[in-house]
Amino acid sequence: MGRIAGVTATETRERLLKAAAAVFAERGYDGARVADIAAAAGVSNGAMYAHFGSKAELLVGALRTHGRQVLAEALAADPDKSIMDVLLSIGRGLIRRTDESGSLLVEALVAARRDADVARPMRRYVRERADWLADLMRAAQDQQELDPSLSPVALAHFCLLLSMGSALVTPALHAVDDAEWAALLGRVVAGLGLAGTSTAPTGSEQ
(Lines give C-alpha, C1' and ligand atoms only; values in the text may rest on other atoms or scores of the structure.)
Protein backbone atom coordinates (compact mmCIF):
# COMPACT_ATOMS: atom_id res chain seq x y z
CA MET A 1 0.00 0.00 0.00
CA GLY A 2 1.21 3.47 -0.85
CA ARG A 3 4.15 2.42 -3.02
CA ILE A 4 5.16 3.11 -6.58
CA ALA A 5 5.90 -0.15 -8.42
CA GLY A 6 9.56 -1.03 -7.97
CA VAL A 7 10.12 1.77 -5.44
CA THR A 8 10.44 1.30 -1.68
CA ALA A 9 8.10 2.93 0.83
CA THR A 10 10.97 5.16 1.99
CA GLU A 11 11.67 6.32 -1.57
CA THR A 12 7.96 6.95 -2.15
CA ARG A 13 7.82 9.07 1.01
CA GLU A 14 10.87 11.03 -0.14
CA ARG A 15 9.22 11.68 -3.51
CA LEU A 16 6.11 12.95 -1.78
CA LEU A 17 8.11 15.30 0.47
CA LYS A 18 10.08 16.66 -2.48
CA ALA A 19 6.92 17.18 -4.54
CA ALA A 20 5.14 18.79 -1.58
CA ALA A 21 8.00 21.26 -1.02
CA ALA A 22 7.85 22.37 -4.66
CA VAL A 23 4.04 22.61 -4.84
CA PHE A 24 3.64 24.41 -1.50
CA ALA A 25 6.41 26.87 -2.38
CA GLU A 26 4.81 27.62 -5.75
CA ARG A 27 1.11 27.70 -4.84
CA GLY A 28 1.03 28.27 -1.11
CA TYR A 29 -0.62 26.07 1.48
CA ASP A 30 -4.19 27.09 0.63
CA GLY A 31 -3.60 26.90 -3.12
CA ALA A 32 -1.91 23.50 -3.08
CA ARG A 33 -4.19 20.51 -3.54
CA VAL A 34 -3.42 17.02 -2.32
CA ALA A 35 -4.14 15.77 -5.84
CA ASP A 36 -1.50 18.13 -7.28
CA ILE A 37 1.14 16.90 -4.82
CA ALA A 38 0.28 13.25 -5.41
CA ALA A 39 0.43 13.76 -9.19
CA ALA A 40 3.79 15.54 -8.94
CA ALA A 41 5.13 12.59 -6.93
CA GLY A 42 3.62 10.06 -9.32
CA VAL A 43 1.29 8.42 -6.78
CA SER A 44 -2.45 8.26 -6.18
CA ASN A 45 -4.23 10.30 -3.50
CA GLY A 46 -4.79 7.10 -1.54
CA ALA A 47 -1.12 6.24 -1.68
CA MET A 48 -0.26 9.69 -0.38
CA TYR A 49 -2.59 9.26 2.59
CA ALA A 50 -0.88 5.95 3.36
CA HIS A 51 2.19 8.04 4.25
CA PHE A 52 0.67 11.29 5.58
CA GLY A 53 -2.58 11.73 7.45
CA SER A 54 -3.31 15.25 6.21
CA LYS A 55 -2.08 18.10 4.06
CA ALA A 56 -0.84 19.83 7.23
CA GLU A 57 1.31 16.82 8.15
CA LEU A 58 2.73 16.81 4.64
CA LEU A 59 3.59 20.52 4.85
CA VAL A 60 5.44 20.18 8.14
CA GLY A 61 7.04 16.92 6.99
CA ALA A 62 8.45 18.69 3.93
CA LEU A 63 9.67 21.53 6.11
CA ARG A 64 11.29 19.15 8.60
CA THR A 65 13.11 17.35 5.78
CA HIS A 66 14.55 20.57 4.37
CA GLY A 67 14.88 22.63 7.53
CA ARG A 68 17.74 20.90 9.30
CA GLN A 69 19.64 19.97 6.15
CA VAL A 70 21.79 23.07 5.70
CA LEU A 71 23.15 23.19 9.24
CA ALA A 72 23.58 19.42 9.58
CA GLU A 73 25.46 19.25 6.26
CA ALA A 74 27.63 22.22 7.21
CA LEU A 75 28.59 20.63 10.52
CA ALA A 76 29.32 17.29 8.86
CA ALA A 77 31.34 18.85 6.03
CA ASP A 78 34.02 20.22 8.37
CA PRO A 79 33.92 18.45 11.74
CA ASP A 80 37.07 20.30 12.87
CA LYS A 81 35.41 23.69 12.43
CA SER A 82 33.91 25.15 15.60
CA ILE A 83 30.16 25.11 16.03
CA MET A 84 30.00 28.88 16.26
CA ASP A 85 32.12 29.37 13.14
CA VAL A 86 29.68 27.15 11.24
CA LEU A 87 26.71 29.12 12.57
CA LEU A 88 28.43 32.39 11.72
CA SER A 89 29.10 31.23 8.15
CA ILE A 90 25.45 30.28 7.72
CA GLY A 91 24.37 33.58 9.27
CA ARG A 92 26.39 35.52 6.69
CA GLY A 93 24.44 33.82 3.93
CA LEU A 94 21.00 34.59 5.37
CA ILE A 95 20.85 38.00 3.68
CA ARG A 96 20.92 36.29 0.27
CA ARG A 97 18.33 33.66 1.08
CA THR A 98 16.18 32.78 -1.94
CA ASP A 99 15.96 28.99 -1.50
CA GLU A 100 12.81 26.89 -1.77
CA SER A 101 12.95 25.96 1.91
CA GLY A 102 12.58 29.65 2.77
CA SER A 103 9.36 29.89 0.77
CA LEU A 104 8.15 26.68 2.38
CA LEU A 105 8.86 28.07 5.85
CA VAL A 106 6.91 31.26 5.10
CA GLU A 107 3.91 29.21 3.93
CA ALA A 108 4.04 27.07 7.06
CA LEU A 109 4.31 30.05 9.42
CA VAL A 110 1.44 31.90 7.74
CA ALA A 111 -0.78 28.80 7.60
CA ALA A 112 -0.08 28.06 11.28
CA ARG A 113 -1.51 31.46 12.26
CA ARG A 114 -4.93 30.69 10.78
CA ASP A 115 -5.21 26.90 10.73
CA ALA A 116 -5.11 24.84 13.94
CA ASP A 117 -4.32 21.69 11.94
CA VAL A 118 -1.06 23.33 10.82
CA ALA A 119 -0.36 25.09 14.12
CA ARG A 120 -0.12 21.84 16.10
CA PRO A 121 2.61 20.14 14.01
CA MET A 122 4.37 23.50 13.53
CA ARG A 123 4.65 23.95 17.29
CA ARG A 124 6.30 20.54 17.49
CA TYR A 125 8.60 21.38 14.58
CA VAL A 126 9.72 24.70 16.08
CA ARG A 127 10.24 23.08 19.48
CA GLU A 128 12.40 20.36 17.87
CA ARG A 129 14.48 22.99 16.09
CA ALA A 130 14.85 25.07 19.25
CA ASP A 131 15.87 22.03 21.32
CA TRP A 132 18.43 20.97 18.69
CA LEU A 133 19.92 24.46 18.53
CA ALA A 134 20.01 24.71 22.33
CA ASP A 135 21.97 21.45 22.43
CA LEU A 136 24.45 22.94 19.94
CA MET A 137 24.79 26.00 22.17
CA ARG A 138 25.51 23.79 25.19
CA ALA A 139 28.14 21.95 23.17
CA ALA A 140 29.72 25.29 22.21
CA GLN A 141 29.76 26.30 25.87
CA ASP A 142 31.38 23.00 26.81
CA GLN A 143 34.06 23.69 24.19
CA GLN A 144 34.58 27.19 25.65
CA GLU A 145 33.48 28.92 22.46
CA LEU A 146 30.53 30.58 24.11
CA ASP A 147 29.94 32.40 27.41
CA PRO A 148 28.59 29.71 29.78
CA SER A 149 26.49 32.25 31.65
CA LEU A 150 24.24 32.77 28.62
CA SER A 151 21.02 30.80 28.30
CA PRO A 152 21.23 28.13 25.55
CA VAL A 153 17.46 28.36 25.16
CA ALA A 154 17.58 32.14 24.62
CA LEU A 155 20.49 31.76 22.16
CA ALA A 156 18.56 29.09 20.24
CA HIS A 157 15.54 31.42 20.10
CA PHE A 158 17.75 34.21 18.75
CA CYS A 159 19.04 31.89 15.99
CA LEU A 160 15.49 30.87 15.11
CA LEU A 161 14.43 34.51 14.82
CA LEU A 162 17.32 35.25 12.46
CA SER A 163 16.72 32.18 10.32
CA MET A 164 12.95 32.52 10.09
CA GLY A 165 13.13 36.28 9.64
CA SER A 166 15.48 35.83 6.69
CA ALA A 167 12.81 33.75 4.95
CA LEU A 168 10.39 36.67 5.26
CA VAL A 169 12.72 39.60 4.48
CA THR A 170 14.35 38.42 1.26
CA PRO A 171 16.86 40.40 -0.86
CA ALA A 172 13.99 41.33 -3.17
CA LEU A 173 12.38 43.25 -0.30
CA HIS A 174 15.47 44.70 1.33
CA ALA A 175 19.15 44.21 0.57
CA VAL A 176 22.19 44.88 2.73
CA ASP A 177 25.88 44.91 1.87
CA ASP A 178 27.59 41.57 2.52
CA ALA A 179 30.61 43.13 4.24
CA GLU A 180 28.46 45.33 6.47
CA TRP A 181 26.31 42.36 7.49
CA ALA A 182 29.41 40.23 8.20
CA ALA A 183 30.87 43.02 10.33
CA LEU A 184 27.66 43.30 12.34
CA LEU A 185 27.50 39.55 12.94
CA GLY A 186 31.16 39.59 13.95
CA ARG A 187 30.42 42.24 16.55
CA VAL A 188 27.44 40.26 17.85
CA VAL A 189 29.32 36.98 18.23
CA ALA A 190 32.26 38.77 19.84
CA GLY A 191 29.82 40.04 22.45
CA LEU A 192 28.72 36.48 23.14
CA GLY A 193 32.20 35.63 24.30
CA LEU A 194 33.27 33.45 21.37
CA ALA A 195 36.91 32.42 21.21
CA GLY A 196 38.86 32.29 17.97
CA THR A 197 35.93 33.01 15.67
CA SER A 198 36.72 34.68 12.37
CA THR A 199 34.50 37.59 11.35
CA ALA A 200 35.79 38.06 7.82
CA PRO A 201 33.33 37.39 4.95
CA THR A 202 33.86 33.97 3.38
CA GLY A 203 31.67 33.97 0.30
CA SER A 204 28.16 32.60 0.01
CA GLU A 205 27.77 29.95 2.69
CA GLN A 206 24.22 29.41 3.79
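Residues numbered from 1 in each chain as written. Predicted model: local features only at pLDDT ≥ 70, side-chain atom pairs only at ≥ 80, totals over all residues. Heavy atoms only, no water.

**Some points on the pattern of salt bridges**
Pairs can form between side chains of opposite charge once their charged atoms are near each other. One pass over the structure, following the stated rule, counts seven salt bridges. Of the charged contacts, one joins Asp30 and Arg114 as a salt bridge, the two residues approaching to 2.7 Å between their closest N and O atoms. Residue Asp30 is located in helix 1 (residues 9-31), and its partner Arg114 is located in helix 7 (residues 100-114); the two are separated by 84 residues in the primary sequence. For Asp117, the salt bridge goes to Arg120, with nearest N and O atoms at 2.7 Å. Of this pair, Asp117 and Arg120 both sit in helix 8 (residues 116-142), three residues apart, which is roughly one turn of the helix. When salt bridges that share partners are traced, they join Arg27, Arg33 and Asp36 into one network. (Salt bridge = Lys/Arg side-chain N within 4 Å of Asp/Glu carboxyl O. Helix = DSSP H or I, 4+ residues; strand = E, 2+ residues; numbered from the N terminus.)

**So, the side chain of Lys55**
By the secondary structure assignment, Lys55 is in helix 4 (residues 55-67). Comment: no salt bridge for buried Lys55; closest opposite-charge side chain is Asp30, at 5.4 Å. In terms of polar contacts, Lys55 uses its side chain to reach the backbone carbonyl oxygen of Tyr29, at 2.8 Å. Excluding residues within four positions of it along the chain, Lys55 makes contact with Phe24, Tyr29, Asp30, Ala32 and Val34. (Buried < 20%, exposed > 50% of the residue type's maximum accessible area, 1.4 Å probe, protein only. Lys, Arg positive; Asp, Glu negative; His and termini not counted. Polar contact = N/O pair within 3.5 Å; in protein donor to acceptor, adjacent residues only side chain to side chain. Contact = heavy atoms within 4.5 Å.)

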